[in-house]
Number of protein chains: 2
Amino acid sequence: MSVSTTPAVGAVAVADGGVSAPLGFTTSALHCGIKASALDLMVLAVDGTATAAGIFTTNVVKAAPVLLCQEHLGQTGGRARAIVVNSGCANACTGDEGMRNARQMATLTAAGVGCAPEEVLVASTGVIGVGLKMAALTTGIAAATATLARGKGSEAARAIMTTDRFPKEGAVTVQTPSGPFTIGGMAKGAGMIEPKMATMLGFLTTDAAVAPDLLRRALVDTARQTFNAITIDGDTSTNDSLFAFASGQSGVTVTEAEYPLLVEGLVALSRELAMAIVSGGEGATKLIAVRTLGAPDEKTADTVSRTIANSLLVKTAVHGADPNWGRILAAAGRSGVSFDPYAVTVHVGGILLFEKGLPHDESAPLAAEYLRGATIEIDVDLGTRPGATATVWTCDLSAEYVRINGEYRT
Amino acid sequence: MSVSTTPAVGAVAVADGGVSAPLGFTTSALHCGIKASALDLMVLAVDGTATAAGIFTTNVVKAAPVLLCQEHLGQTGGRARAIVVNSGCANACTGDEGMRNARQMATLTAAGVGCAPEEVLVASTGVIGVGLKMAALTTGIAAATATLARGKGSEAARAIMTTDRFPKEGAVTVQTPSGPFTIGGMAKGAGMIEPKMATMLGFLTTDAAVAPDLLRRALVDTARQTFNAITIDGDTSTNDSLFAFASGQSGVTVTEAEYPLLVEGLVALSRELAMAIVSGGEGATKLIAVRTLGAPDEKTADTVSRTIANSLLVKTAVHGADPNWGRILAAAGRSGVSFDPYAVTVHVGGILLFEKGLPHDESAPLAAEYLRGATIEIDVDLGTRPGATATVWTCDLSAEYVRINGEYRT
């Protein structure tokens, strides 16, 4: 299943394919033996050298591949030839041997594609605290690098899955005055929901030419509005990583003038991928967009949205189709942000439930009906004019989530 | 059911009774009609004037009785003659009428006990966004103030309950060089678990004489180690309040010399009341003590303990008896505190599960067996020597919690 991207708006239009849709990118995916049977290894390579950027987990406990990517991107100044990704094992909390194994994955991949080891990035996702099966990876990486081709992005998107219910990939084209370029992407993650599964990975490719610094800035700008604006359970894994690669093979160069178009394209695609992660969260039955308006600044708006989105009481209320404005307001009130409760309004699905310090209980039945839907919008306006806005996406909290995460791992 | 307090340790010993165990305090509890049938109104009064202190919710959205108590304690400089408490209605998000009603409750109680309105404190707990039934309260407060007596603390502890599964009360005696004094207490709260229930209330009484400033300091010190060190779902209600009253009628005066003994007694009793709140949390099947050791300072230790205690993944793992050190470590890693993962150890029930960056999976079966118990200890040592320690108590997260909080309120 491919992700349906937003319809063509302005310069950005939906395209076919995933990470190998842009010119210059090839992939290969196979089963090497880390998982029992499914695809568990993926190599993404660039013809020539791409600029590359990465954003990594803020967790103090970082997996070996995260530490290695930070090292390699520093050494190359933001360039790469390939990335190798395995699923089924996170290579996290694996000590010095874990670092040696991550390094060996890069070396094996470099040998296969013909580049220096520091031009290879590495990502792993799966169980924490278990070592990689290096014999399987050695054979697998040799086979994968020998079979790189375009048009196999869907297999790549499946090879990075752990407990994801469906693969997440997509592509868009961006029109610029000097011609079009393409952006492709894929992601995996379902909310750190399986025992010790180390969670979110995202990969974005483009055939625009983008200098390393600009690519990194674009990735940070994009993540802020998309992957960093989702939460399933408030937990941050040891492996969370988001990568961008720019091959330059479209002939279009992105400079400051084209930068807004690049970010527009990256955001359009990334938002769809991020929404798919939330929708696919284990136990999730509803996608919830929490928007805070009328805040003094965007950071404040984000703090309020995030606190509401992570509130167990809000998430269980939405699950039960309960228009419980009291829980929404109480979560906003404990977010650490100062505001005047009398200036606040709370809307659910556009239905006003709280205003001027008082509830609109007459609207509760209508809001309850709305909450039976699959996509829920919660708007909290703090009353500042003109105010800043921030949206955080989350899912509801179901007994199924507890069942899955409370089961003793076997 | 009364709470079993800690056995006699040093100067502190368990005593019979609750808030009216100390000399000088009387209570009265009755059903006035806010709830369908159960006790819903309680007055606690002092013979003469007591010193009084209060700590209130940090939520920006504060209920009317919280605002009134802050006003009255400011006016009197920390003195009170009585407190009136209703359950079934939180008088929160009720606008100006809510403030008028809270004021009227104080005025009616003042008339009954014969004091000034500002010498009366007010607390409400129950549904948010609904107005108080003032006719019922007018009759009820008159009847309650006419029937104040000692030895009725158990009824008072029941009258403040909302969805609590059992009342929480207790008393201790404290030996000082100048003689003994008694501390009594009661509390309610089950984790903001019922739709829009505004949650924790705590009441401590003593017959020691304690100056207002010293009583307030003792209350803050006590709360930090007890009521503020528990979390059920990370939510903070609009009504959370903790009060202390000192009648002085034991003849013992607490000054700086006796201060440590006062705090020791308050902490001993409050810890039992706080633990009872967590144990009684809706859906809770286990009491979890999360202790962080080897932190650079106590605030850091508290941050780590609190992040672990509020992690859905940790709470569901404990519920499922899964010795998932990876979730504990990952929660510590995202707490915002910096530490060296290689210096960290994780113990569950004294069983070492993680050390020097590597798991001790051979101990997992033993830890899983331990986790089937009802009281769980998690210890995370960050490795600083000498280090600071902080403990936060929580409960597990069960599908029952989701069921209760996801049910549409009727």
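Quick notes on the rules
- Residues numbered from 1 in each chain as written.
- Chains lettered and ligands numbered in written order.
- Predicted model: local features only at pLDDT ≥ 70, side-chain atom pairs only at ≥ 80, totals over all residues.
- Heavy atoms only, no water.
- Helix = DSSP H or I, 4+ residues; strand = E, 2+ residues; numbered from the N terminus.
- Buried < 20%, exposed > 50% of the residue type's maximum accessible area, 1.4 Å probe, protein only.
- Contact = heavy atoms within 4.5 Å.
- Pairing = 2+ DSSP bridges.
- Least-squares fit on C-alpha atoms with pLDDT ≥ 70 in both.
- Axes fitted to C-alpha atoms, helices over the stretch in contact; angles between N-to-C directions.
- Parallel < 35°, antiparallel > 145°, perpendicular 65-115°, else oblique.
- Left-handed = near helix turned anticlockwise from the far one by under 90°.
- Nonpolar A, V, L, I, M, F, W, Y, C, P; charged D, E, K, R; others polar.
- Domains from an automatic or database assignment.
- Buried area = accessible area lost by both parts, 1.4 Å probe.
- Salt bridge = Lys/Arg side-chain N within 4 Å of Asp/Glu carboxyl O.
- Polar contact = N/O pair within 3.5 Å; in protein donor to acceptor, adjacent residues only side chain to side chain.

Visitor: Any chance you could break down the environment of G283 of chain A for me, citing the residues and the numbers?
Guide: Residue and element names in this part refer to chain A. Counting through the fold element by element, G283 comes out in the loop between α6 (259-279) and β14 (287-295). For G283, a relative accessible area of 12% gives the class buried. Taking the C-alpha atoms as reference, G283 lies 8.2 Å from V402; in sequence the two are 119 residues apart. Ignoring any residue separated from it by four or fewer positions in sequence, one finds G283 in contact with D396, S398, E400, Y401 and I404.

Visitor: Lay out the pairing of strand β16 (residues 351-355) of chain A with the relevant residues and their values.
Guide: Residues and elements named next belong to chain A. In this structure, strand β15 (residues 345-348) lies alongside β16, joined through 4 bridges in antiparallel fashion. Across the sheet, the residue bridging to V346 is F354, located in β16. Where β15 folds back onto β16 in an antiparallel hairpin, the turn is made up of 2 residues, including G349, whose phi is positive at roughly 60°. Joining the antiparallel neighbours β16 and strand β17 (residues 358-359) is a turn of 2 residues, in which K356 adopts a positive phi near 50°.

Visitor: How would you explain the relation of the copies chain B and chain A if you had to name every residue and give the values?
Guide: Between the two chain copies there is a screw-like relation: a rotation about an axis and a shift along it. At an RMSD of 0.0 Å, chain B and chain A line up after a rotation of 180° and a shift of 0.0 Å along the axis. Viewed as a symmetry operation, the transformation between the two copies matches a two-fold axis. In terms of proximity to the rotation axis, the leading residue of chain B is A399 of chain B, whose C-alpha is 2.3 Å off the axis.

Visitor: For the packing of helix α1 (residues 64-76) of chain A against helix α2 (residues 95-113) of chain A, give the residues involved together with the corresponding values.
Guide: All names here are of chain A. Between α1 and α2, whose axes approach to 9 Å, the crossing angle comes to 55°. Accordingly, the angle class assigned to the pair α1 and α2 is oblique. Read as a crossing pair, α1 and α2 show a hand that is right-handed. Residue-level inspection shows A64, P65, L67, L68, E71 and H72 of α1 in contact with α2, the latter providing G98, M99, A102, R103 and A106. Partitioned by chemical class, the residues of the contact of α1 with α2 number 7 nonpolar, 2 polar and 2 charged.

Visitor: Describe the sheet that holds strand β14 (residues 345-348) of chain B, and please don't skip the residues or the numbers.
Guide: Residue and element names in this part refer to chain B. Ordered in space as β16-β15-β14-β17-β13-β18, the 6 strands form an open sheet in which the pairing is mixed. Only two strands of the sheet have a single partner each, and these edge strands are β16 (358-359) and β18 (388-395). Where β14 lies against strand β15 (residues 351-355), 3 bridges are found, and the strand directions are antiparallel. Residue pairing for β15: H347 is matched across the bridge by L352. Contacts from helix α8 (residues 312-319) reach β13 (287-295), β17 (375-381) and β18, with the element oriented near 135° to β17.

Visitor: Give me the lowdown on the domain arrangement of chain A, citing residues and values where you can.
Guide: All names here are of chain A. Splitting chain A by domain gives domain 1 (12-279) and domain 2 (287-406). The gap between the C-alpha centroids of domain 1 and domain 2 is 33 Å. If you look at the interface, domain 1 gives 16 residues, while domain 2 gives 14 residues. Both faces combined, the contact of domain 1 with domain 2 buries some 1,200 Å², and carbon together with sulfur accounts for 54% of it. Counting every contact that joins domain 1 to domain 2 gives 1 salt bridge. Among the ionic pairs, E298 bridges to R224, the shortest N-O distance being 3.0 Å. Between the two partners, domain 1 and domain 2, sit 3 residue pairs in polar contact (both at pLDDT 80 or more). Elements that contribute at least two residues to the side of domain 1 that touches domain 2 include exactly α5 (212-225), β11 (230-231) and α6. A per-element tally of the side of domain 1 that touches domain 2 places α6 first, with 4 residues. Grouping the amino acids of the side of domain 1 that touches domain 2 by side-chain chemistry returns 7 nonpolar, 5 polar and 4 charged.

Visitor: Outline unusual backbone geometry, listing residues and values.
Guide: In this structure, P386 of chain A follows R385 of chain A across a cis peptide bond, with omega equal to -10°. Unusually for a residue other than glycine, A321 of chain A sits at a positive phi of about 55°. Its place among the elements puts A321 of chain A in the loop between α8 (312-319) and α9 (325-333). The exposure class of A321 of chain A is buried, given its relative accessible area of 9%. Not every positive phi belongs to a glycine, and C93 of chain B is a case in point at roughly 55°. Summarising the element assignment, C93 of chain B is placed in the loop between β4 (79-89) and α2 (95-113). Residue C93 of chain B is classed as buried on the basis of its relative accessible area, which comes to 11%.

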